[in-house]
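Chain residues, written in single-letter form:
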Amino acid sequence: LVRKVKAQASRNLNGESLVVLTERGQLHRLNTVGTRVWEICDERRVAEIVDVIVSEFEVEAAAAQSDVCEFLQHLRELGAVEIESRHATPPAEAKA
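Remember, predicted model here, so these are calculated numbers, not experimental data.

Undergrad: With reference to specific residues and values, describe the packing of helix α1 (residues 32–40) against helix α2 (residues 46–56).
TA: Axes are the key here: two packed helices are described by the angle between their axes and the distance separating the axes. Orientation of α1 relative to α2, taken along the N-to-C sense of each, is 140 degrees, at an axis distance of 10 Å. In terms of orientation, α1 and α2 fall into the oblique class. Taken as a pair, α1 and α2 cross one another with a handedness that is right-handed. Listed contacts from α2 to V33, R36, V37 and I40 of α1 are I49, V52, I53 and E56.

As structure tokens, this is what we get:
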């Protein structure tokens, strides 16, 4: 599950987003596809984001999967999003 961090602000200008990471004092400009990922990424699973990109842009599913994952990883490294793995918390073992 992808979540935007709270310490950010963004604005869409002419189809591109400007994302400000307030704690870092950084400004990032996103292209059209990056902007769409940014718009829809909060509280969504990566597969859902990929499905939207495939349906809205002329891109094969495998390429979209790779590109979206790489972009989300970059956003995570910048501190703009958090990505929760579905395996983040192992299931508790039953006690005998």
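Undergrad: Tell me about the nonpolar core, residues and numbers included.
TA: Membership of the largest hydrophobic core comes to 19 residues, with the highest contact counts inside it found for W38, C41, I49, V68 and L72. Those elements that place two or more of their residues in this core are β3 (16–21), α1, α2 and α3 (61–78). For this core, the element with the highest residue contribution is α3, accounting for 5 residues.

Procedures and definitions
- Residues numbered from 1 in each chain as written.
- Predicted model: local features only at pLDDT ≥ 70, side-chain atom pairs only at ≥ 80, totals over all residues.
- Heavy atoms only, no water.
- Axes fitted to C-alpha atoms, helices over the stretch in contact; angles between N-to-C directions.
- Helix = DSSP H or I, 4+ residues; strand = E, 2+ residues; numbered from the N terminus.
- Parallel < 35°, antiparallel > 145°, perpendicular 65-115°, else oblique.
- Left-handed = near helix turned anticlockwise from the far one by under 90°.
- Contact = heavy atoms within 4.5 Å.
- Core = buried A, V, L, I, M, F, W, Y, C linked by side-chain atoms within 4.5 Å.
- Buried < 20%, exposed > 50% of the residue type's maximum accessible area, 1.4 Å probe, protein only.

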